[in-house]
Amino acid sequence: KNEVEQSPQNLTAQEGEFITINCSYSVGISALHWLQQHPGGGIVSLFMLSSGKKKHGRLIATINIQEKHSSLHITASHPRDSAVYICAVNYPRGGADGLTFGKGTHLIIQP
Amino acid sequence: DSGVTQTPKHLITATGQRVTLRCSPRSGDLSVYWYQQSLDQGLQFLIQYYNGEERAKGNILERFSAQQFPDLHSELNLSSLELGDSALYFCASSVGGRVDYEQYFGPGTRLTVT
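All of the points below concern the structure found in this document. Model, not experiment: these values are computed from the prediction. (Residues numbered from 1 in each chain as written. Chains lettered and ligands numbered in written order. Predicted model: local features only at pLDDT ≥ 70, side-chain atom pairs only at ≥ 80, totals over all residues. Heavy atoms only, no water.)

1. Description of the overall build of chain B
Then, number 1: Across its full length, chain B carries zero helices and eleven strands.
Then, number 2: Shown N-terminal to C-terminal, the secondary structure of chain B runs as helices and strands in the order β-β-β-β-β-β-β-β-β-β-β.
Then, number 3: Against the compact-globule benchmark of 13 Å for 114 residues, chain B has a radius of gyration of 13 Å, which places it among compact chains.
Then, number 4: A principal-axis box enclosing the C-alpha atoms of chain B has dimensions of 35 × 30 × 25 Å. (Helix = DSSP H or I, 4+ residues; strand = E, 2+ residues; numbered from the N terminus. Rg over C-alpha atoms; globule rule 2.2 N^0.38 Å.)

Take a look at the structure:
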C-alpha cells in the first residue's frame, strides 16, 4: 500500500526555535503538498513541490526526489505557528488522481 | 479566506438519513475535490470533478455520490448514514485537473450522525 510517513508525530518547541518536519513516501510521485490545519479545523495549502526548494516568509520546503523525502522548515518559530502540518502526495494511477495524506505533525510553539 | 465556500458549516442528523453538502469553488477554478477527515482515518480523498466530469475516484463509499454542475459548484450526497460517517468533509478547488496544481480548501462541513 502506498503510504506517507511523517515525523515527528508531535513536537513542542520554544518560541524562536528552528523547526523541521519530515515526510517520506514510497514510490514516484509528481507532486507533494504541505498543508497547515489550525485548531479551528481550516486547512491552508502552504506549498506544492515537484522538485527542489520553495520559500515563503519563514517557511521553507524541500524535496529530494531520489530519496523520496521532503522537509518543512520553520525559522524563528512563533506561537501562531502552532498547528497540525500535513504532508500529502499523489501516487499516479493513470492520469488524474487524488492525494494520499500523512497523519500530520502536531506542532506546539510555547512563548 | 481561500475563496472556496462550503455549506452548511455543521450538520447533525440521524442514522439512516441522507444529507447533501455543497461546495462552491474559487472563481476560475474548474476542479473540485472532496475529502473526508475522521479521527481514526485522518484525511482521505473521496472524489474529484473537473469541468463537470468525474476525473478521479478515491475511497468513496457506494452510499456516497457527488456531482459538479454547469456553474461548477459541487454537491456531495451521503445516504443511509452510519455513525462512522461522522467526520469533517472538506472540498478543495484548483485551476487545473491534475494534482500538481495548488489546491484551495474550503472551511469544511462538520457532520455528526447520531
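2. Points about the environment of Asp100(B)
Residue and element names in this part refer to chain B.
Then, number 1: Note that Asp100 resides in the loop between strand S9 (87–94) and strand S10 (104–105).
Then, number 2: Residue Asp100 is classed as partly exposed on the basis of its relative accessible area of 23%.
Then, number 3: Note: C-alpha distance between Asp100 and Asp71 (29 residues apart in sequence) is 24 Å. (Buried < 20%, exposed > 50% of the residue type's maximum accessible area, 1.4 Å probe, protein only.)

3. Brief notes about the state of the cysteines
All names here are of chain B.
Then, number 1: Inspection of the entire model under this criterion finds two disulfides over all chains.
Then, number 2: Between the sulfur atoms of Cys23 and its disulfide partner Cys91 the distance amounts to 1.9 Å. Where Cys23 bonds to Cys91 through sulfur, the torsion about that S-S bond is close to 75 degrees, and the disulfide is right-handed. With Cys23 in strand S3 (residues 19–24) and Cys91 in strand S9, this residue pair connects regions lying 68 residues apart in the sequence. (Disulfide = S-S within 2.5 Å.)

4. With respect to the sheet that holds strand S1 (residues 5–7) of chain B
Residue and element names in this part refer to chain B.
Then, number 1: Spatial ordering of the open sheet is given by S1-S3-S8-S7, a layout of four strands whose pairing is antiparallel. Unpaired on one side and paired on the other, S1 and strand S7 (64–68) mark the two borders of the sheet. Between one strand axis and the next, the sheet turns through 15 degrees on average, direction left out of account.
Then, number 2: Summarising the sheet, S3 and strand S8 (residues 74–78) pair through five bridges and their orientation is antiparallel. Pairing of Arg22 across the sheet is with Glu75, part of S8. (Pairing = 2+ DSSP bridges. Axes fitted to C-alpha atoms, helices over the stretch in contact; angles between N-to-C directions.)

5. Details of the nonpolar core
Then, number 1: In terms of nonpolar packing, the biggest core is built from 24 residues, with Leu32(A), Trp34(A), Leu72(A) and Tyr85(A) touching the most fellow members.
Then, number 2: Those residues in contact with Leu72(A), other than ones at most four positions away along the chain, are Ile19(A), Thr20(A), Ile21(A), Trp34(A), Leu46(A), Phe47(A), Ile60(A), Ala61(A) and Tyr85(A). (Core = buried A, V, L, I, M, F, W, Y, C linked by side-chain atoms within 4.5 Å. Contact = heavy atoms within 4.5 Å.)

6. Concerning the sheet that holds strand S7 (residues 59–64) of chain A
Residue and element names in this part refer to chain A.
Then, number 1: The five strands lie next to each other as S1-S3-S8-S7-S6, forming an open sheet whose pairing is antiparallel. Every interior strand has two partners, whereas the edge strands, strand S1 (4–7) and strand S6 (52–56), have only one. Adjacent strand axes in the sheet meet at a mean angle of 15 degrees, parallel and antiparallel pairs treated alike.
Then, number 2: In this sheet, strand S8 (residues 69–74) lies alongside S7 in antiparallel orientation, the contact comprising six bridges.

7. Comments concerning the interface of chain B and chain A
Much of the literature gives interface size as the accessible area that the parts lose upon coming together.
Then, number 1: At the interface, 20 residues of chain B touch 17 residues of chain A.
Then, number 2: Taken together, both faces of the contact between chain B and chain A bury some 1,500 Å²; the carbon and sulfur share is 64%.
Then, number 3: If you sort the residues of chain B by the area they bury against chain A, Leu43(B), Val99(B) and Phe105(B) come out on top, with a joint share of 38%.
Then, number 4: The tally of links from chain B across to chain A stands at zero salt bridges.
Then, number 5: Counting across the interface, chain B meets chain A through two residue pairs in polar contact (both at pLDDT 80 or more).
Then, number 6: Broken down by element, the side of chain B that touches chain A gets its largest block of residues, four residues, from strand S5 (residues 42–50) of chain B. (Buried area = accessible area lost by both parts, 1.4 Å probe. Salt bridge = Lys/Arg side-chain N within 4 Å of Asp/Glu carboxyl O. Polar contact = N/O pair within 3.5 Å; in protein donor to acceptor, adjacent residues only side chain to side chain.)

8. Here's the deal with unusual backbone geometry
Then, number 1: At the junction of Ser7(A) and Pro8(A), the peptide bond is cis and its omega measures out at -10 degrees in the coordinates.
Then, number 2: With respect to the helices and strands, the residue Pro8(A) is situated in the loop between S1 and strand S2 (10–14).
Then, number 3: Cis geometry marks the peptide bond from Thr7(B) to Pro8(B), where omega comes out at -10 degrees.
Then, number 4: Within the secondary structure, Pro8(B) is located in the loop between S1 and strand S2 (10–13).
Then, number 5: At Ala76(A), a position not held by glycine, the phi torsion is positive, near 45 degrees.
Then, number 6: Here Ala76(A) is to be found in the loop between S8 and strand S9 (83–90).
Then, number 7: Ala76(A) sits in the partly exposed class, given a relative accessible area of 46%.
Then, number 8: Unusually for a residue other than glycine, Leu72(B) sits at a positive phi of about 80 degrees.
Then, number 9: Relative to the assigned elements, Leu72(B) resides in the loop between S7 and S8.
Then, number 10: With relative accessibility at 17%, the residue Leu72(B) sits in the buried group.

Taken by themselves, the reported measurements are silent on function.
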